[in-house]
Number of protein chains: 2
Amino acid sequence: MLNPGDTIGILGGGQLGRMMALAAAKLGLKAHIYCPDENSPAFDVTPYKTVADYEDEAALEAFAQEVSVVTYEFENIPALAVDFLKARLSVLPNDNVLKVSQDRLTEKNFFNTIDIKTAGFAPIDNQDDLHQAVESLGLPALLKTRRFGYDGKGQKFLKTPEDLAGAFEEIGAQPAILEAFVPFEREISVIAARNEQGQTVSYDIAENVHKDQILNTTTVPANIDANIAAQARKIGESVAAELDYVGVLAVELFLLPESFENRLVANEMAPRVHNSGHWTEAACLVSQFEQHIRAVAGWPLGSSERHSDVVMTNLIGDDIEQRSQLLENSQISYHSYGKAETRQGRKMGHFNKISQRSHD
Amino acid sequence: MLNPGDTIGILGGGQLGRMMALAAAKLGLKAHIYCPDENSPAFDVTPYKTVADYEDEAALEAFAQEVSVVTYEFENIPALAVDFLKARLSVLPNDNVLKVSQDRLTEKNFFNTIDIKTAGFAPIDNQDDLHQAVESLGLPALLKTRRFGYDGKGQKFLKTPEDLAGAFEEIGAQPAILEAFVPFEREISVIAARNEQGQTVSYDIAENVHKDQILNTTTVPANIDANIAAQARKIGESVAAELDYVGVLAVELFLLPESFENRLVANEMAPRVHNSGHWTEAACLVSQFEQHIRAVAGWPLGSSERHSDVVMTNLIGDDIEQRSQLLENSQISYHSYGKAETRQGRKMGHFNKISQRSHD
């Protein structure tokens, strides 16, 4: 259990690391950011930093000396870094979840093992596998690399048989999976948190809309039945319990039309605070960021209760220029990540528009 | 008008500076803390710092080069620092307000000039003045140094004629005022904000309870009539307008019993974010800290609307040890200032307990 004034080490210096550091500060804890990119936005909110490659053992050793526990803002941490650090101190969430979530095939198998439904899928190691898999799963379907994909990168949507030609080459000729296309009605996600003592909470289910494969808006409450919401929360909580998880995690789910027997299928999970949980910052007393820090610090979790209805909108690229009009809107909380350079497709900030809580 | 990535310079590295720096971070702005004490809690939330005396001209010069605007967390800034900096860049709030608020006599005269009532008062420059003033103002009364007082320091409560003996000596034989005792029913405060464009907002009136002359709790809404609340808000807003003020300010007021014709008398003002505004962090979309940063950055102010009822409680000295039980309470938002050393009477943190907004 950490004490006030102790330091949490955070691997990754993007906006998620930045917001975790700000949450640590509110709790009286220090944050030490480790990131290879010296222009990382998280470096602006703490004096404690390491600028080094994730496989630099001397830097990892010095980092381990400075911090009481290590957490991270992204799941694709090199195994060397995790192995090196966990030999010296707690790395939370533990690496059970990294092994599962770094590989889409392992992840899908994990979901199925604990009775969480997924779309049909098949491992793809070459172009021949792809043709065979399409025969059983049908078209349209999604070809995705097993590792290191995010925001639609390393993916190809296959609509017609013609799209198959050269597709395996196109995603880099690396281990992949084919996922059957799911005719979903909505995309939703659950944000759950669990601490070392096994205390588990989940937030109200969020409804997500993507644009160009990047999250655009999150609306809470989601427009779904109460029993679907309860099932979705249970999925988040059972993933956390199954993996002996400590921290915040997100599970993205597809909601299928009423004609389907199993209406909820898991898409993927993220072993960290998640963009679809940014709404908690404005609509809850305890945000996902604070919840994560509490869990990693060995402290009691807080309430996930929501005092307001909310729509979170990402500010991508030039969207950040809307600052003045957003600041002027009395229902909006504006958050900028302080990134020096605006680039197309880059997440620059977000805003939460709150309204009086609807009765449910 | 500041741009994202610009730096706000903050004089003072205590919890107020720390919370302003955290608010700046949310808006994508950097904070540079200037404070002589290298153990200042605000130094833990930004990499940009100056550890130097407030009258160190070389350090002030370097600081001025690094920041786009200067603000402060305390009103007793040496005039040299303000004069030096304002010759180089904007210091906000401007020094009109420092001249007024650094001296209790000037402050009371200012209030009266703009038709805000105060308790009776008289300047005291020696023990004889004190005896004369007691004859006209009566007992009990409060003897206070004109400058550099806070949290009850530099004050003496005079109850009986015997208490007068040696009183002027006791407060340091320095310029002082005597204030008539006001039989107040409640202590309330107004937090107002104003920006360069003249946009002004005030928050709902807070009711304060002190313990050992230090703020203990703030409750919002205050248990007062709507017309009293409206008058109090108008006082805050008119002080801001009168001083061409930019930033957040607080005015502490006494509410007198119904038998008095003028029920509201001003006690003192603070040209900065204020302990009695910490409740805004948990009960409003835009906190007093964010409001101050917006004003100083030349940005639009946000809404002061309150989504919840709230009671703020300070954690003084050993109170901070209650951490676990506070974290476990689902209605409570806990905030620690990360101070390394717990001392009796030292403000270590605070917590906000929110509940559903009462109808009004």
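Below: a short report on this structure. The residue numbering used here restarts from 1 in each chain and proceeds along that chain's sequence as written. Written order determines the labels here, with chains lettered from A and ligands numbered from 1. The predicted origin of the model limits local features to residues at a pLDDT of at least 70 and limits the giving and counting of side-chain atom pairs to 80 or more, whereas totals for whole chains, interfaces and linings rest on all residues. The basis for the side-chain values is all heavy atoms of the structure; hydrogens and waters are excluded.

A pair of aromatic rings is counted whenever rings of Phe, Tyr or Trp (Trp by its six-membered ring) have centres within 6.5 Å, and the orientation is called stacked for planes under 30 degrees apart, edge-to-face for over 60 and tilted otherwise. Tallying each qualifying case throughout the model produces 14 aromatic pairs over all chains. Here A:F157 and A:F181 contribute two aromatic rings whose centre-to-centre distance is 5.9 Å and whose plane-to-plane angle is 70°, an arrangement assigned as edge-to-face. Pair noted here: A:F157 is in strand 7 (residues 155-158) and A:F181 is in the loop between strand 8 (176-180) and strand 9 (186-194), with a separation of 24 residues, a long-range link. Here the term buried applies to any residue with accessible area under 20% of the maximum for its type, exposed to any over 50%, and partly exposed to those in between, with areas from a 1.4 Å probe on protein chains only. The partly exposed category is assigned to A:F157, whose relative accessible area is 38%. A:F181 sits in the partly exposed class, given a relative accessible area of 38%. For the pair B:F184 and B:F254, a centre-to-centre distance of 4.7 Å together with 10° between the ring planes defines the contact as stacked. Here B:F254 lies in strand 13 (residues 247-255) and B:F184 lies in the loop between strand 8 (176-180) and strand 9 (186-194), a separation of 70 residues in the sequence. The class of B:F254 is buried, set by a relative accessible area of 13%. Through a chain of ring-to-ring contacts, three or more aromatic side chains come together here, namely A:Y34, A:Y54, A:F63 and A:F74. Only Lys NZ and Arg CZ are tested; either one counts as a charge over a ring when it is within 6 Å of the ring centre and within 35 degrees of the ring normal. A cation over an aromatic ring shows up here: A:R88 above the ring of A:F84, its NZ or CZ 3.7 Å from the ring centre. Against the face of B:F43 rests B:K49, its NZ or CZ located 4.9 Å from the ring centre. A helix here means a DSSP run of H or I that spans at least four residues, while a strand means a run of E at least two residues long, and both kinds are numbered starting from the N terminus.

So, about the relation of the copies chain B and chain A. Relating one copy of the chain to the other takes a rotation about an axis and a shift parallel to that axis. Mapping chain B onto chain A calls for a screw motion: a turn of 180° about the axis and a shift of 0.0 Å along it, with 0.0 Å RMSD after fitting. The superposition of one copy onto the other is thereby described by a two-fold rotation axis. Same-surface contact between copies: 100% of interface residues of chain B are shared with the interface of chain A. In superposing the copies, a least-squares fit is computed on C-alpha atoms, taking residues whose pLDDT is at least 70 in both. By the convention used here, residues are in contact when the closest approach between their heavy atoms is within 4.5 Å.

For the rest of this paragraph, the subject is the nonpolar core. Ranked by internal contacts, the top residues of the largest apolar core, which has 208 residues, are A:V239, A:V251, A:M269, B:V239, B:V251 and B:M269. Beyond its immediate chain neighbours, meaning those up to four positions away, B:V251 contacts B:F111, B:I188, B:S189, B:V190, B:I235, B:G236, B:V239, B:A266, B:E268 and B:M269. Among buried residues, those of type Ala, Val, Leu, Ile, Met, Phe, Trp, Tyr and Cys that are joined through side-chain atoms within 4.5 Å constitute a nonpolar core.

Cavity and pocket criteria rest on a 1 Å grid covering protein atoms alone: a 1.4 Å probe that fits but cannot get out defines a cavity, protein on both sides within 12 Å along at least 5 of 7 lines defines an open pocket, and an atom within 4 Å of a point defines a lining residue. Grid points are joined across faces, edges and corners, and a volume is the space filled by probe spheres set on the points. The final tally for this structure, using the stated rule, is four cavities of 30 Å³ or more. Of the voids in this model, the largest cavity is the one considered here, and its volume is about 760 Å³. Forming the boundary of the largest cavity are 28 residues, of which A:K26, A:E281, B:K26, B:E281 and B:S287 lie nearest the centre. Of all the secondary-structure elements, those providing two or more residues to the lining of the largest cavity are helix 1 (15-26), helix 9 (280-283), helix 10 (288-296) and strand 16 (332-336) of chain A together with helix 1 (15-26), helix 9 (280-283), helix 10 (288-296) and strand 16 (332-336) of chain B. Here the lining of the largest cavity is built from residues that sort into 14 nonpolar, eight polar and six charged. There is about 50 Å³ of room inside the second largest cavity. Taken together, A:A21, A:L22, A:A25, A:L29, A:K30, A:A31, A:V45, A:T46, B:R18, B:L22, B:D44 and B:V45 make up the full set of residues lining the second largest cavity. Of all the elements in the fold, those that place two or more residues in the lining of the second largest cavity are helix 1 and strand 2 (30-34) of chain A together with helix 1 of chain B. Charged means Asp, Glu, Lys or Arg here, nonpolar means Ala, Val, Leu, Ile, Met, Phe, Trp, Tyr, Cys or Pro, and polar covers whatever is left, Gly included.

Across the contact, 41 residues belong to chain B and 41 residues belong to chain A. Values labelled buried area give the accessible surface lost by two parts on being combined, using a 1.4 Å probe and summing over both. Between chain B and chain A, the buried area comes to about 3,400 Å², and carbon and sulfur atoms account for 58% of it. Here a salt bridge means any side-chain nitrogen of Lys or Arg lying within 4 Å of a carboxyl oxygen belonging to Asp or Glu. Put simply, chain B and chain A have zero salt bridges between them. Pairing of N or O atoms within 3.5 Å defines a polar contact, subject to two protein rules: one partner must be a possible hydrogen donor and the other a possible acceptor, and residues neighboring in sequence count only if both atoms are side-chain atoms. Summed over the shared surface of chain B and chain A, the result is 14 residue pairs in polar contact (both at pLDDT 80 or more). Only helix 1, helix 9, helix 11 (323-328) and strand 16 of chain B provide two or more residues apiece to the side of chain B that touches chain A. Here the side of chain B that touches chain A gets five residues from one element, more than from any other, and that element is strand 16 of chain B.

Looking now at the pairing of strand 15 (residues 308-316) of chain A. Residue and element names in this part refer to chain A. When you tally the buried positions in strand 15, you get eight out of nine residues, the bulk of the element. Bridge analysis of strand 12 (residues 214-220) against strand 15 gives four bridges, and the strand direction is antiparallel. From the neighbouring strand, T218 faces strand 15, where its bridge partner is M312. For two strands to pair, DSSP has to find at least two bridges joining them. Two elements, strand 15 and strand 17 (residues 347-356), share nine bridges in a ladder whose sense is antiparallel. Paired with V311 across the two strands is K353, which belongs to strand 17.

Quick look at the pattern of salt bridges now. All names here are of chain A. The final tally for this structure, using the stated rule, is 39 salt bridges over all chains. With a closest N to O distance of 2.8 Å, D103 and R146 form a salt bridge. Residue D103 is found in the loop between helix 4 (95-101) and helix 5 (104-113), and its partner R146 is found in the loop between strand 6 (141-145) and strand 7; the two are separated by 43 residues along the sequence. Judged by relative accessible area, which is 7%, D103 ranks as buried. The salt bridge partner of R294 is E290, with a shortest N-O separation of 3.0 Å. Here the residue R294 and the residue E290 both occupy positions in helix 10, the gap between them amounting to four residues, near one helical turn. Each of the two residues, R294 as well as E290, counts as buried. Within the structure, one salt-bridge network assembled from shared partners comprises E185, R186, E207 and R263.

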